[in-house]
Amino acid sequence: MELPKEKLLEMYKTMVAIRGFEESLADAVTDGTLPGFVHLGVGQEAVHVGVCSGLRSTDWISSTHRDHGMILARGADIKRMRAEIFGKATGYCKGKGGSMHLAAFDKRAPGCNGILGPSQTINNGIALALKKEGAGNIAAVIFGDGAAHRGEFHEALNLAACWKLPALAICVNNQFAISTCVDDVCAVEDIAARAAAYGIPGLVADGNDVMAVYEAVSETAKSIREGKGPALIELKTSRWRGHFEGDPQPYRTPEQILEDKKKDPIARFAGQLLEQGVATEVTLQALKKEADQELQEAIDFTDRSAYPSEEEMFTDLFYEEGRNV
Amino acid sequence: MKPVGIIANPASGKDIRRLVAYGSVFDNNEKVNIVRRVILGLDSLGVRNVFFMPDFYGIGIRAMDGLDVSLEVCFLQMEPEGTQDDSTRAAQLMNELGVACIITLGGDGTNRAVAKTCRNTPVLPISTGTNNVFPAVVEGTLAGIAAGVTALNSASDPSFVKRVPRLEIRRSAQLVDMALVDVVVSEAGFIASRALWDVSKIREIFLARAEPENIGFSSIGGLLCGLTSDSGKGVHIIIGEGNCRVKAPIAPGLIRTVPIKQFRVFEPGEEIPISQTPAMIAVDGERELVVKQGDRLSVALNLEGPRVVDIALALRQASDKGLFFEPQ
């Protein structure tokens, strides 16, 4: 359960890197250099880093369209990440996945899904394969509070429980499904309480505390690895920006956003590291500087990279006989 | 008749011990049901006013929805923050309002939060948490009736209200924190998911309660010393090889062999220093306090803890006095 100092500092740096990466994307949307829909998870860094730190590198994980943080926390190459989002040929999916459909198979992140809900049923398929493989790996899937109100949520939990799949469902409750507040559409206070209906463990953790997330995920993953079947974790957090970049957010007040920002997961973790004597202010500043430098290198890499050629338009789109994806 | 306060913690009974142990899930809808039965019990004895702690889920609002009772409810004027401080602030307000007693729905942690500020107001605890030593597993209807009995007797000093001890964590004689059941010193680095379940990380334990029938870390002392709930003594245990081993239920379904280096019963007022730093201190089951290297903290037992309603005794005394007889 306890993590070495190096790992804790790496987690902090990853959180800072994700924040910087996403804020740079917001700037790019604003200045018009990044077209299309971009969904940012600024304020949810503890979720992504805590979840990925609690899993093994041999586990699988998929997510939603708010996926940049998860893929980066999984250890993906920041240059290829940024290039992908900007549609460059050097990106993870040769520029054809973009922000909403990132995949990094080398990091066992098989795909993020802009259609919310089905990712859980897809995850059951991965979990079934892992169960048959028998190597003790698990399949985790991240989805939001909105997806938890869809039928697939219940169908997937039910089947995962019936088949005792090594599946971990992680509901990131950031309070809003696009513009709908969870309080207005959820009959129970905790989405995790729904786990009881399928006879599986369900627990709530503070999604703004990276160590709480890490502990919840690592302990749950351990239980799943022991063959005890699937589980549901609900991470309560908030997103600081709109559903998408450009969302005017008429559904919440600036004061509410300010309140959410008071729970800044990065500042909180920094405070914990300082209090524990794991790091000094100088160490934390140096880690931020490193992250900023790596981001700048990713920006330069993306700018230098070419768009995919016309001939690439229809490659990698359909199943090809004999090709093992 | 004095009003009665109700503090129902919407966060109790949901922590990681549902996973790492076999703790039952206490859904808020069940808390609503319990509160309904409490209200019906209070109403049956003629309690006129009830104060609720407001919470995000609206346990009180939902409990009153469609309930046919004569009493009036009022929600405290406070903004809930969704933290344990809500219970602490609510208890303070209820004490200032002069309630006859505060009914709590939660675990040891909830009652600790209430005990910080309830002062002389009796607490009537109903268990809805995990490792519960302080609150009783009791039917809500009976708890409501017992609270009504307390309200009827609030002008006197009824013998069914008993003062219980508390553990005080002190730094240079200054009170830093308190616990109703246990103070556990561990090597855990972060507060994280708050609960403690890994025995290998625990260094020492201080207990205000050590009965063999308890669950949680209190059970270790209970199995070693077997004190009674009114013993007025504490137990200090140093974890490690050397003396003996005890098989104890440290959480629901989690029975662990705990190595005991040394243990002893201690008297109220005796200050015992926390032997190793840095450390993480858990109070009543929740990691709460980071102790830095060289920080000199001590633990002492104070018999002047909160006043608690003995539900069974309250009902028996009321029955003996014929309170429940009605004229034909």
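If you're wondering where the values come from, they're calculated on a predicted model, not measured in any experiment.

Engineer: Would you take a moment to explain helix α8 (residues 311-320) of chain B for this structure?
Structural biologist: Since the α-helix packs 3.6 residues into each turn, any two residues three or four apart lie on the same face. Residue and element names in this part refer to chain B. Listing the buried residues of α8 in full gives Ile311, Ala314 and Ala318. Along the axis of α8, the buried residues cluster in a sector spanning 65 degrees; they form a single face. Set apart from the buried face of α8 by more than 90 degrees, the exposed residues are Ser319 and Asp320. Residues of α8 that are buried in the fold lie against β5 (123-127), α6 (140-152) and β17 (307-309). Immediately beyond the C-terminal end of α8, within one or two residues, lies Gly322, with a positive phi of roughly 75 degrees.

Engineer: Where do I start with the interface of chain A and chain B in this structure?
Structural biologist: Each side of the interface is counted separately: chain A has 24 residues, and chain B has 18 residues. Of all the elements in the fold, those that place two or more residues in the side of chain A that touches chain B are β6 (202-206), α8 (210-228) and α10 (265-276) of chain A. The greatest single-element share of the side of chain A that touches chain B, amounting to seven residues, is contributed by α8 of chain A. Residues that form the side of chain A that touches chain B fall into these classes: 12 nonpolar, five polar and seven charged.

Engineer: Got a minute to help me understand the pairing of strand β10 (residues 202-207) of chain B in this structure?
Structural biologist: On a regular strand, one side chain projects to one face of the sheet and the next to the other, so that they alternate. Residues and elements named next belong to chain B. Most of β10 sits inside the fold, with five of its six residues counted as buried. Pairing between strand β9 (residues 182-186) and β10: five bridges, direction antiparallel. Residue Ser186 lies in a different strand from β10, and its bridge partner there is Ile202.

Engineer: Help me understand the sheet that holds β6 of chain A, please; the structure alone is not making it clear to me.
Structural biologist: Each strand in a sheet pairs with its neighbour through backbone hydrogen bonds, running either in the same direction (parallel) or in the opposite one (antiparallel). Residue and element names in this part refer to chain A. Spatial ordering of the open sheet is given by β1-β2-β3-β7-β6, a layout of five strands whose pairing is parallel. On the outer flanks of this sheet lie β1 (60-62) and β6, each paired with one strand and no other. The sheet shows a mean angle of 20 degrees between the axes of neighbouring strands, direction not considered. Inspection of the sheet shows β1 paired to strand β2 (residues 139-144) by three bridges, in the parallel sense. Considered in β2, the bridge of Ile61 is made with Ala140.

Engineer: Explain the confidence of the model for chain B to me, please; I cannot follow it from the model alone.
Structural biologist: Summing up the model confidence of chain B, the mean pLDDT is 94 and the portion of residues at 70 or higher is 100%. Overall fold confidence for the complex sits at a pTM of 0.89, while the interface term, ipTM, reaches 0.81.

Engineer: Got a minute to help me understand the pairing of strand β12 (residues 254-266) of chain B in this structure?
Structural biologist: Residue and element names in this part refer to chain B. Where strand β11 (residues 234-251) meets β12, 13 bridges bridge the pair, whose relative direction is antiparallel. Among the inter-strand pairings, Gly234 is bridged to a residue of β12, identified as Phe266. Between β11 and β12, which pair antiparallel and follow one another directly, the connecting turn spans two residues, one of which, Gly253, has a positive phi of 75 degrees.

Engineer: Explain the domain arrangement of chain B here, please?
Structural biologist: By a widely used convention, the size of an interface equals the accessible area lost when the partners come together. Residue and element names in this part refer to chain B. Segmenting chain B into domains produces domain 1 (4-164 + 306-320) and domain 2 (166-302). Relative to domain 2, the C-alpha centre of domain 1 lies at a distance of 26 Å. Domain 1 puts 18 residues into the contact, and the matching count from domain 2 is 22 residues. Secondary-structure elements contributing two or more residues to the side of domain 1 that touches domain 2 are α1 (17-20) and α5 (108-115). For the side of domain 1 that touches domain 2, the per-class residue count stands at seven nonpolar, six polar and five charged.

Engineer: Would you take a moment to explain the sheet that holds strand β14 (residues 279-283) of chain B for this structure?
Structural biologist: All names here are of chain B. Reading across the sheet, the six strands line up as β12-β11-β10-β9-β14-β15 and stay open at both edges, with antiparallel pairing between neighbours. At either margin of the open sheet sits one strand with a lone partner, and together these are β12 and β15 (286-291). Direction aside, the axes of adjacent strands within the sheet are offset by 40 degrees on average.

Engineer: I'm lost on α10 of chain A in this one. Help?
Structural biologist: Residue and element names in this part refer to chain A. With 12 residues, α10 extends 16 Å from end C-alpha to end C-alpha; this agrees with the ideal 16 Å at 1.5 Å per step. Residues Pro265, Ile266, Phe269, Gln272 and Leu273 constitute the buried set of α10. Buried residues of α10, seen end-on, are gathered within an arc of 125 degrees and therefore sit on one face of the element. Pointing more than 90 degrees away from the buried face of α10 are the exposed residues Ala267 and Gly271.

Engineer: Mind showing me how you'd approach unusual backbone geometry here?
Structural biologist: For residues other than glycine, phi is negative in most cases, and the peptide bonds are mostly trans. All names here are of chain B. A cis amide bond, omega 0 degrees, links Thr277 with the succeeding residue Pro278. Within the fold, Pro278 resides in the loop between β13 (272-273) and β14. Of note in the backbone geometry, Ser172 takes a positive phi value of approximately 50 degrees without being a glycine. By the element assignment, Ser172 lies in the loop between β7 (166-171) and β8 (174-179). Look at Ser172 and you get exposed, because 8 C-beta atoms sit within 10 Å.

Engineer: It is not clear to me how the packing of helix α2 (residues 45-54) of chain A against α8 of chain A should be interpreted in this structure. Could you clarify?
Structural biologist: Describing two packed helices takes the angle between their axes plus the distance from one axis to the other. Residue and element names in this part refer to chain A. With their axes 7 Å apart at the nearest point, α2 and α8 run at an angle of 35 degrees to one another. Considering how the two elements wind past one another, α2 and α8 form a crossing that is right-handed. Each of Ala46, Val47, Val49, Gly50, Val51, Ser53 and Gly54 in α2 lies in contact with α8, whose residues at this interface are Val210, Val213, Tyr214, Val217, Ser218 and Ala221. Of the residues that constitute the contact of α2 with α8, the class distribution is nine nonpolar, four polar and no charged.

Engineer: Is there a simple way to think about the environment of Glu81 of chain B in this case?
Structural biologist: All names here are of chain B. By the secondary structure assignment, Glu81 is in the loop between β3 (72-75) and α4 (85-97). Given 10 C-beta atoms within a 10 Å radius, Glu81 is considered exposed. Residues Glu81 and Asp55, spaced 26 residues apart in sequence, show a C-alpha to C-alpha distance of 8.2 Å.

Here is what the cut-offs are and how they apply
Residues numbered from 1 in each chain as written. Chains lettered and ligands numbered in written order. Predicted model: local features only at pLDDT ≥ 70, side-chain atom pairs only at ≥ 80, totals over all residues. Buried ≥ 20, exposed ≤ 12 C-beta atoms within 10 Å, placed from the backbone. Helix = DSSP H or I, 4+ residues; strand = E, 2+ residues; numbered from the N terminus. Arc of directions from axis to C-beta. Contact = placed C-beta atoms within 7 Å. Nonpolar A, V, L, I, M, F, W, Y, C, P; charged D, E, K, R; others polar. Pairing = 2+ DSSP bridges. Axes fitted to C-alpha atoms, helices over the stretch in contact; angles between N-to-C directions. pLDDT = per-residue confidence, 0-100. Domains from an automatic or database assignment. Expected span 1.5 Å × (residues − 1). Left-handed = near helix turned anticlockwise from the far one by under 90°.

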